[in-house]
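Here's the letter readout for the chains.
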Amino acid sequence: MGALSRDEIAERLAAGGYIADGELATAIAIMQLLKRPLLLEGEAGVGKTEVAKALASVHGTELIRLQCYEGLDQSAALYEWNYQRQLLAIQAHQGGGGQTGSADDIEERIFSEKYLLERPLLAAIRRKKPPVLLIDEVDRADEEFEAFLLELLSDFQVSIPELGTITAKSIPRVVLTSNNTRELSDALRRRCLYHYIDYPDAEREARIILARVPGMASGLAVQIARLVEGVRKEELRKVPGVAETLDWAAALLGLGVKNLHDDPDTVHETLRCLLKTQEDRARLTREVSARLLGKVA
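Owing to the predicted nature of the structure, the values given are computational and were not obtained by experimental measurement.

Peer 1: An account of the packing of aromatic side chains is requested, with residue identities and associated values reported.
Peer 2: For any two aromatic rings, the description comes down to two numbers: the centre-to-centre distance and the angle of the planes. With the rule as written, the count across this model stands at 2 aromatic pairs. Ring geometry for Tyr-79 against Trp-81: centres 6.2 Å apart, planes inclined by 80 degrees, an arrangement best described as edge-to-face. Each of the two residues, Tyr-79 as well as Trp-81, counts as buried. Here Phe-145 and Phe-148 contribute two aromatic rings whose centre-to-centre distance is 5.7 Å and whose plane-to-plane angle is 50 degrees, an arrangement assigned as tilted. Note that Phe-145 and Phe-148 are positioned in helix H8 (residues 143–155) at a spacing of 3 residues, about one turn of the helix. Neither Phe-145 nor Phe-148 differs from the other in exposure class; each is buried.

Peer 1: Which residues make up the pairing of strand E2 (residues 63–67), and what are the values?
Peer 2: Burial along E2 is one-sided: Ile-64 and Leu-66 are buried, while Leu-63, Arg-65 and Gln-67, pointing the other way, are not. Relative to strand E5 (residues 132–136), E2 runs parallel, the two being bridged by 5 bridges. Looking across to E5, one finds that Arg-65 is bridged to Leu-134.

Peer 1: Please set out the nonpolar core residue by residue, giving values where relevant.
Peer 2: Among the nonpolar cores identified, the biggest contains 36 residues, and Leu-121, Leu-122, Ile-135, Phe-145 and Leu-176 are the most heavily contacted of them. Breaking this core down by element, the ones donating at least two residues are E2, strand E3 (79–81), helix H7 (120–125), E5, H8, strand E6 (157–160) and strand E8 (173–178). Ranked by residue count, the leading element in this core is H8, at 6 residues. Ile-19, Leu-236, Cys-273 and Leu-275 belong to the second largest nonpolar core, which has 32 residues in total.

Peer 1: Quick one: what's the story with the pattern of salt bridges, residue by residue and with numbers?
Peer 2: Under the counting rule described, the total for this entry stands at 16 salt bridges. Here Arg-212 and Glu-50 are joined by a salt bridge, their closest N and O atoms 3.8 Å apart. Here the residue Arg-212 occupies a position in helix H10 (residues 202–212), and Glu-50 occupies one in helix H3 (residues 48–59), the gap between them amounting to 162 residues. We classify Arg-212 as partly exposed; its relative accessible area is 37%. Across the pair Glu-234 and Arg-291 runs a salt bridge, and its minimum N-O distance is 3.3 Å. On the criterion of sequence distance, the pair formed by Glu-234 in the loop between helix H11 (218–232) and helix H12 (242–254) and Arg-291 in helix H15 (residues 286–294) is long-range, its members being 57 residues apart. You can call Arg-291 partly exposed: its relative accessible area is 36%. Salt bridges linked by common partners bring Glu-62, Glu-118, Arg-126 and Arg-127 together as one network.

Peer 1: Tell me about a nonpolar patch on the surface, and name the residues and values.
Peer 2: Taken together, Ile-30, Leu-33 and Leu-34 make up a surface patch of nonpolar side chains, about 290 Å² in accessible area. For Leu-34, the position within the fold is in helix H2 (residues 22–34).

Peer 1: Can you lay out the sheet that holds E8 for me, pointing to particular residues and giving the numbers?
Peer 2: Across the sheet, 5 strands lie side by side as E2-E5-E8-E1-E9; this open sheet has parallel pairing. Only two strands of the sheet have a single partner each, and these edge strands are E2 and strand E9 (193–196). For this sheet, the mean inter-axis angle between neighbouring strands, taken without regard to orientation, is 20 degrees.

Peer 1: Describe H8, and please don't skip the residues or the numbers.
Peer 2: Between its first and last C-alpha, H8 extends 19 Å over 13 residues, near the 18 Å set by a 1.5 Å rise per residue. For H8, the set of buried residues is Phe-145, Glu-146, Phe-148, Leu-149, Leu-150, Leu-152 and Leu-153.

Peer 1: Explain the pairing of strand E1 (residues 38–41) to me, and be specific about the residues and the numbers.
Peer 2: A two-sided burial pattern is seen for E1, the buried positions comprising Leu-38 and Leu-40 on one face and Leu-39 and Glu-41 on the other. One ladder, built from 4 bridges, connects E1 with E8; its direction is parallel. Looking across to E8, one finds that Glu-41 is bridged to Ser-178. Sheet topology places E1 next to E9; 4 bridges connect them, and they run parallel. If you follow Leu-39 over to E9, its bridge partner there is Tyr-194.

Peer 1: How would you explain the packing of H10 against H11 if you had to name every residue and give the values?
Peer 2: Put simply, H10 and H11 touch, their axes get as near as 8 Å, and they point 130 degrees apart. In terms of orientation, H10 and H11 fall into the oblique class. Between H10 and H11 lies a crossing of right-handed hand. Across the interface between the two elements, Ala-202, Glu-205, Ala-206, Ile-209 and Leu-210 from H10 touch Ser-218, Ala-221, Val-222, Ile-224, Ala-225, Arg-226, Val-228, Glu-229 and Arg-232 from H11.

Thresholds applied
Residues numbered from 1 in each chain as written. Predicted model: local features only at pLDDT ≥ 70, side-chain atom pairs only at ≥ 80, totals over all residues. Heavy atoms only, no water. Phe/Tyr/Trp six-rings, centres within 6.5 Å; stacked < 30°, edge-to-face > 60°. Buried < 20%, exposed > 50% of the residue type's maximum accessible area, 1.4 Å probe, protein only. Helix = DSSP H or I, 4+ residues; strand = E, 2+ residues; numbered from the N terminus. Pairing = 2+ DSSP bridges. Core = buried A, V, L, I, M, F, W, Y, C linked by side-chain atoms within 4.5 Å. Salt bridge = Lys/Arg side-chain N within 4 Å of Asp/Glu carboxyl O. Patch = residues over 30% accessible without salt bridge, like charges linked within 9 Å, V, L, I, M, F, W, Y side chains within 5 Å. Areas by Shrake-Rupley, 256 points an atom, 1.4 Å probe, with all protein chains shown as cover. Axes fitted to C-alpha atoms, helices over the stretch in contact; angles between N-to-C directions. Expected span 1.5 Å × (residues − 1). Parallel < 35°, antiparallel > 145°, perpendicular 65-115°, else oblique. Left-handed = near helix turned anticlockwise from the far one by under 90°. Contact = heavy atoms within 4.5 Å.

Read these as spatial facts, not as claims about activity.
In structure tokens, the structure reads:
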């Protein structure tokens, strides 16, 4: 996408399967204009990861995903050497009879591109066509890794001692997501554009349902979105995300439900698609689901 308006970006994202609000479309427009990483923060299940997938679809480019976790180190994120192949090469050389070569020659051969294993970060900067680099749940990684990541995102180059400095062939479109399980550093926040993604309102969630659940009627989509909106206001341990809404919508459609008011028993029994703990299922009794359904037109 070039210098497009907010509405044009929203339309293209929708064509890629993501229904964005105006603020997110604006954030993406600025991200692409300034070529800055975009940090998306919000509760689990609000659709942060889907933004990167939709961007890759819109641009017709590769999505490269780095899933962060506690203990993630540079080797798992950047590159590793294929030690097994290196060992086999050394053994083959030693058992080669008349083969000659110094230790330096052997080292130069085994520490070459042939034995290099790309991990997501290195892969992203070596693509000729800019990919979308998704650094998912960056808040789960350690602060040390965050500092390394900051350096990479500033220079888009890495140093591999055996090969030298590798500079990006193209600048990837970088999307970072965070569930806010820990506070990110000020340095990382300054490096990125920032946008908070909240749960969608009922109108936008109905549009998401229509876009992602084939065969869904608009009236039923609106009813589902409004009831989910009510469920999220209850005191739940795990608030259902958009993915759970889509599961529930698909289940209702598959069971032949055309109007929530026509089959309140099925509505209540299928709420298990939204609820992920026994505690929440116990709280959402038939009386509660009937109360919530009563508020849905």
